[in-house]
Each structure stands twice: as structure tokens, then as C-alpha cells.
Amino acid sequence: MPYSKSTSNCRLLIETKPFQAMKLNNLNDLFIHELKDIYNAEHQIMKALPKMMEKCHSNELRTAFQTHLQETETQIERLDKVFQSLGEKATGEKCKAMEGIIREAEDILSENADPDVMDAALIASAQRVEHYEIAGYGTLCTYAKQLGATDALHLLQMTLDEEKNTDQKLTFIAESKVNIKAEHRSQR
Ligand SMILES: [Fe+2]
Ligand SMILES: [Fe+2]
């Protein structure tokens, strides 16, 4: 906790920094605000994916997570370029929604679950992450288009497509294998 000593007496001073909300005057301000949110969300995902990979029973699922971890690294680099193209410093603002989604995923990781059931739960958690990202990047693409930020739009669209592909890949793994194994698990 930050403190300072006065010369006359020793007092603990609680530093109460007022919350400095970014002023949103126009669509461009909102665009930058949303970019900072997703930038932070992507960094949170980078930390969470390796923990999820450790719990994977299915090799196919682990490979899908590994591929998306690499994609996420590239997506962060793309966001750096987006900020650069807009003349803005690449910084994040705590994405509380992603924090909550990841906290729920971590709760599942700590469950004593059958390996196949754990795989099904991991997919459910990962798809919540992907859907949040699809919503975020979808909005960002719309704003970039409206603002005529063509370089940013191109970069954001590439990431949006990757997020959609990942979501579809996870649906395929769930429906073709993981959910079926999890359904019959207790019958073995
Ligand atoms: Fe992402
Ligand atoms: Fe993603």
C-alpha cells in the first residue's frame, strides 16, 4: 500500500487516486476504448490457454488450443499494429468480462472431473472466450469501417475470421468426439 511520512508525524496515508475514466467524445474515442479492452482480454487469454492445455485429455483438443495460443500471440501483434496505425500507444484496460469468463474456466479446472467430461467443459469455457472475442472484434470492425480506418479494419478482420474459425473447430471437436465420449463415460 502506498504511503508517505510527514516530517512532523508518521502517518499512513492511503493514496486515493480518483478513477480517471477516458472521456468518450466521439466514435473514435469509443473505438480506442474498445481496442484497449480487447488488448487486455487477449493478454489474459495468453495466460489462461496453457493452463487449459494441461488439463486436456484429447490430443486433438490440446492441438487446437496450442494452435490458438500461437494465433493469439499474432493477434496481439496485430493489435500493436492497429494502435500504431491510429497513432495511439498500445495499452490495455482491464477487461472485467474476460476476467470473469477465465475465473469460471479456472473453477472448472479445479473440479474432480472425468477426463472426457473435463474436455467437454474445457470446450464450453473456450467457446465463451471465443464468443466474447467475436462480439468485440465484430464491433471493432464496424467502427473501423465507419471511421475509414482501412489498415485497422484489414488487421481486425483477419483476427475476427480466426476467432470464428476457432469457434467452429471447437464445435466440431465437441460434436464429433468429445461430447459423445463424455455422454457414455458413466456407462463404461
Ligand atoms: Fe483472440
Ligand atoms: Fe480467440
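Residues numbered from 1 in each chain as written. Chains lettered and ligands numbered in written order. Predicted model: local features only at pLDDT ≥ 70, side-chain atom pairs only at ≥ 80, totals over all residues.

Student: Mind showing me how you'd approach the overall build of the chain here?
Tutor: A count of helical and extended segments in the chain gives five helices and zero strands. Going from the N terminus to the C terminus, the chain shows its helices and strands as α-α-α-α-α. By the burial criterion, 31% of the 188 residues in the chain qualify as buried. Residue pairs in contact within the chain that sit at least 24 positions apart in sequence constitute 75% of those at least 6 positions apart. (Helix = DSSP H or I, 4+ residues; strand = E, 2+ residues; numbered from the N terminus. Buried ≥ 20, exposed ≤ 12 C-beta atoms within 10 Å, placed from the backbone. Contact = placed C-beta atoms within 7 Å.)

Student: What is the right way to read the packing of helix α1 (residues 27-54) against helix α2 (residues 59-85) from this model?
Tutor: For any two helices packed against each other, one specifies the inter-axial angle together with the distance between the axes. One way to put it is that α1 packs onto α2 with a least axis distance of 10 Å and a crossing angle of 160°. Between α1 and α2, the interaxial angle falls into the category roughly antiparallel. Where α1 crosses over α2, the two elements pack in a sense that is left-handed. In this structure, α1 contributes L35, I38, Y39, E42, H43, I45, M46, L49, P50, M52 and M53 to the contact, and α2 contributes R62, F65, Q66, H68, L69, T72, E73, Q75, I76, L79, V82 and F83. (Axes fitted to C-alpha atoms, helices over the stretch in contact; angles between N-to-C directions. Parallel < 35°, antiparallel > 145°, perpendicular 65-115°, else oblique. Left-handed = near helix turned anticlockwise from the far one by under 90°.)

Student: What exactly am I supposed to notice about the nonpolar core here?
Tutor: Counting residues in each nonpolar core, the largest one holds 42 residues, and the members touching the most others are L35, L61, L122, I123 and L156. Those elements that provide at least two residues to this core are α1, α2, α3 (96-109), α4 (115-147) and α5 (150-184). With eleven residues, the top contributor of residues to this core is α4. Those residues in contact with L156 that lie beyond four places of it in its chain are V82, Y137, L140, C141 and A144. (Core = buried A, V, L, I, M, F, W, Y, C linked by C-beta atoms within 7 Å.)

Student: Quick question: what am I supposed to make of the packing of α1 against α4 here?
Tutor: Where α1 contacts α4, the two axes come as close as 10 Å, and the packing angle between them is 155°. By the criterion of interaxial angle, the relationship of α1 to α4 is roughly antiparallel. The interaxial crossing formed by α1 with α4 has left-handed handedness. Taken together, the residues of α4 that come into contact with α1 (itself represented by L27, N28, L30, F31, E34, L35, D37, I38, A41, I45 and M52) are L122, A126, V129, E133, G136, Y137, T139, L140, Y143, Q146 and L147.

Student: Please explain α5 as it appears in this structure.
Tutor: Count 3.6 residues to each turn of an α-helix, and residues three or four apart come out pointing the same way. When the terminal C-alpha atoms of α5 are compared, their 50 Å separation across 35 residues agrees well with the 51 Å that a helix rising 1.5 Å per residue should span. Of all the bends in α5, the largest measures some 50° and sits at A174. (Expected span 1.5 Å × (residues − 1). Bend = angle between axes of the 7 residues up to and from the residue.)

Student: What am I meant to see in α1 here?
Tutor: In this model, α1 (28 residues) spans 41 Å end to end at C-alpha, consistent with the 40 Å of a helix rising 1.5 Å per residue. A maximum bend of about 25° is found in α1 at A48, where proline P50 lies one to four positions downstream.

Student: Sorry if this is basic, but what is going on with the environment of Y132 here?
Tutor: Among the structural elements, Y132 can be located in helix α4. You can call Y132 partly exposed: it has 19 C-beta atoms within 10 Å. Beyond its immediate stretch of four places on either side in the chain, Y132 contacts A97, M98 and I101.

Student: Is there a simple way to think about the environment of S58 in this case?
Tutor: Along the polypeptide, S58 turns up in the loop between α1 and α2. Judged by local crowding, S58 falls into the partly exposed class, with 19 C-beta atoms found within 10 Å. Separated by 57 residues in the primary sequence, S58 and P115 place their C-alpha atoms 8.5 Å from one another. Apart from residues lying up to four places away in sequence, S58 is in contact with D119, K177 and V178.

Student: Help me understand the confidence of the model for the chain in this model?
Tutor: Should pLDDT be low for a region, the predicted coordinates there are not to be read in detail. Per-residue confidence for the chain gives a mean pLDDT of 90, with 87% of residues at or over 70. Predicted confidence for residues 1-19 stays below pLDDT 50, and this span has seven contacts to residues more than four positions away or in other chains. (pLDDT = per-residue confidence, 0-100.)

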